[in-house]
Amino acid sequence: MAKSNNQIIIFDTTLRDGEQSPGASMSLEEKVQIAHAFEDLGVDVMEAGFPAASNGDFEAVSEIAKILKKTIPCGLARAVKADIEKCKDALKHSKRFRIHTFLSTSPLHMKHKLKKTPKEVLELIKDSVSLARRFTDDVEWSPEDGTRTTPDFLCKTVELAIKCGAKTINIPDTVGYTIPDEYYKTIKLLFDKVPNIDKAIVSTHCHNDLGLAVANSLAGVKAGARQIECTINGIGERAGNAALEEIVMAIKTRSDLMPYKTNINTKKISSCSKLVANVTGFPVQFNKAIVGKNAFAHESGIHQDGMLKNKKTYEIMTPESVGVTKSSLVMGKHSGRNAFKDKAAELGYPDLNEELVNNTFKKFKDLADKKKHVFDEDIIALIDDDLMKHNNAISLSSLEVIAGTKGPQKAKIELMIYDEIKKTETEGDGPVDAIFKAIKKIYPHNVNLQLYQVQAVTEGTDAQATVSVRIEEKGKISVGQAADTDTLVASAKAYINALNKLIIKRKRTAPSPDLSASA
Ligand code: KIV
Ligand code: ZN
């Protein structure tokens, strides 16, 4: 069906498969913020979560279903009646929605995970797809571990799912095991052997365990697939999923060899990548294709010389085409509020409310007094910091730290806890330890600190530091971030930010059911 049409459907699963990355859980507010940004990016279908997994997932899928206007919201469901009904309940606020249901089909998964015979699996496919079709015309079906499924059985399951009403057939390379040639053949096989394949769109879903997710997805498209499932920054289970930005830019840059089109507004790629990195606390590696800090940096003399003569000598796409503006020095201490507002809009924050503009403009002025150059990234950090502040139970009023070789290191801290100022002083094993202990003394809690990470937002010793902190409490994970020219202040704020998010999560999330088996 899709072969003659060169339009590729971009199905984003950052909020579902991406969120399954260990430690990448996101709050409801963060997911809604991402959903808005991805709709703006031009994503066609958004897998917003797995409604049966937890109340938090259910709530997120239903909020996202309410806000999306153009992008089709989608929820994941096992081949289980209760999952499919939950999925429908979460999505029903949207006029149009997709239910994505899946079941393992490889001999290994059927025997050891499902403990079911191929015949029983076929029965479940029939029941689950037919049930999903009672709720929506838009049903997607996936044979989990599809690339390790025997070819004949794969064709049989796909034919049955289409017969029962599935409109999209997604072939997951669940464990990232396939290679481009083989994946091409798997997709081609469906077009050659499944008699009703013309009634469905074939989709790719590739994991990156061998670093081949993007190459495999493109091989699938070459064989006739017209939907690609992917995530921003390639986040996802284990080594992640195919990266949206790489797929889209490969198609755009090599249109001579891949004459396909997507609806992605590539200029929004960079801001979406930053948003996902901030929310998850997963930094993007410097040399990551398209969105890495160095993706458009030219260090060597020969390259710089070539670039000055003609940019095409060393650039196959422009930074502007993916929304990377040249890091500007234009903003400084003489810049006014309107210029600041324009700059914020240019950086992807067009609708900031007046209070937020006032707050961040004041912080920008303070920063410009302290720091010679204010870069775009500094401004983004200030705005993100303020955006995170809503719903805060705890905020930092003041911090003094004694650090250095003599020791003991001490932190004197003042926190506002639900409108009440509390203060304390504590010693620690280093200044950061002293700060975290002081916070714990004022606001007692029992969390595991899983990650503490400092990154410079821009270059130079006067750069703002962004600190990421990941904490865990009874299986709930929360990531906090904050930026400041003082690394210790950023550390305190990031820890407090993570605690604030955890407090929201404690109120929202009920325990997750056991999702170890698919049916
Ligand atoms: O990787 C996988 O198999 C999945 C399915 C649920 C589609 O994510
Ligand atoms: Zn997956």
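Look above for the structure.
First things first, this report covers the structure right here in the doc.

### What to know about the overall build of the protein
Moving on, step 1. Scanning the protein from N- to C-terminus turns up 16 helices and 14 strands.
Moving on, step 2. Computed over C-alpha atoms, the radius of gyration of the protein comes to 25 Å, within 12% of the 24 Å expected from 2.2 N^0.38 for 519 residues, which places it in the range of a compact globule.
Moving on, step 3. Overall, the protein is about 75 × 60 × 40 Å in size when its C-alpha atoms are taken along their principal axes.
Moving on, step 4. Counting every atom, the protein has about 23,400 Å² of accessible surface; 52% of that belongs to carbon and sulfur.
Moving on, step 5. Between the centroid of the 73 positive side chains of the protein and the centroid of its 68 negative side chains there is a distance of 2 Å.

### Some remarks on the site of ligand 1
Moving on, step 1. Near ligand 1, the surroundings consist of Arg16, Asp17, His100, Phe102, Ser142, Glu144, Pro172, Thr174, His205 and His207.
Moving on, step 2. Measuring from an oxygen atom of ligand 1, one finds a side-chain N or O atom of His205 at 3.1 Å.
Moving on, step 3. His207 has a polar side-chain atom sitting 3.0 Å from an oxygen atom of ligand 1.
Moving on, step 4. Expressed as a share of its isolated accessible area of 260 Å², the protein-covered part of ligand 1 is 94%.

### Notes on unusual backbone geometry
Moving on, step 1. Geometrically, the link from Gly407 to Pro408 is a cis peptide bond, its omega value of -5 degrees lying close to zero.
Moving on, step 2. Along the chain, the position of Pro408 falls in the loop between β9 (394–402) and β10 (409–417).
Moving on, step 3. Its identity as a non-glycine residue notwithstanding, Ile290 has a phi of 70 degrees, on the positive side.
Moving on, step 4. Tracing the backbone through its elements, the reader meets Ile290 in the loop between α10 (269–280) and α11 (301–309).
Moving on, step 5. Look at Asp419: it is not a glycine, yet its phi comes out positive at around 70 degrees.
Moving on, step 6. Residue placement: Asp419 occurs in the loop between β10 and β11 (420–428).

### Comments concerning the sheet that holds β10
Moving on, step 1. Spatially, the three strands line up as an open sheet ordered β9-β10-β11, and their pairing is antiparallel. Where the open sheet ends on each side, the last strands, each with one partner, are β9 and β11. On average, adjacent strands in this sheet sit at an angle of 15 degrees to one another, irrespective of strand direction.
Moving on, step 2. Here β10 runs beside β11; their pairing, made up of nine bridges, is antiparallel. Bridge pairing in β11 places Gln409 opposite Gly428.

### Observations regarding the sheet that holds strand β14 (residues 476–484)
Moving on, step 1. Taken in spatial order, the three strands of this open sheet run β12-β13-β14, and their pairing is antiparallel. The strands lining the two open edges of the sheet, one partner per strand, are β12 (448–456) and β14. Sheet twist, expressed as the mean angle between neighbouring strand axes with direction ignored, is 15 degrees.
Moving on, step 2. Strand direction decides the pairing type here: β12 and strand β13 (residues 465–473), joined by eight bridges, are antiparallel. Residue pairing across strands places Gln455 opposite Thr466, the latter belonging to β13.

Basis of the calculations
Residues numbered from 1 in each chain as written. Chains lettered and ligands numbered in written order. Predicted model: local features only at pLDDT ≥ 70, side-chain atom pairs only at ≥ 80, totals over all residues. Heavy atoms only, no water. Helix = DSSP H or I, 4+ residues; strand = E, 2+ residues; numbered from the N terminus. Rg over C-alpha atoms; globule rule 2.2 N^0.38 Å. Areas by Shrake-Rupley, 256 points an atom, 1.4 Å probe, with all protein chains shown as cover. Lys, Arg positive; Asp, Glu negative; His and termini not counted. Charge placed at Lys NZ, Arg CZ, Asp CG, Glu CD. Near = heavy atom within 4 Å. Polar contact = N/O pair within 3.5 Å; in protein donor to acceptor, adjacent residues only side chain to side chain. Pairing = 2+ DSSP bridges. Axes fitted to C-alpha atoms, helices over the stretch in contact; angles between N-to-C directions.

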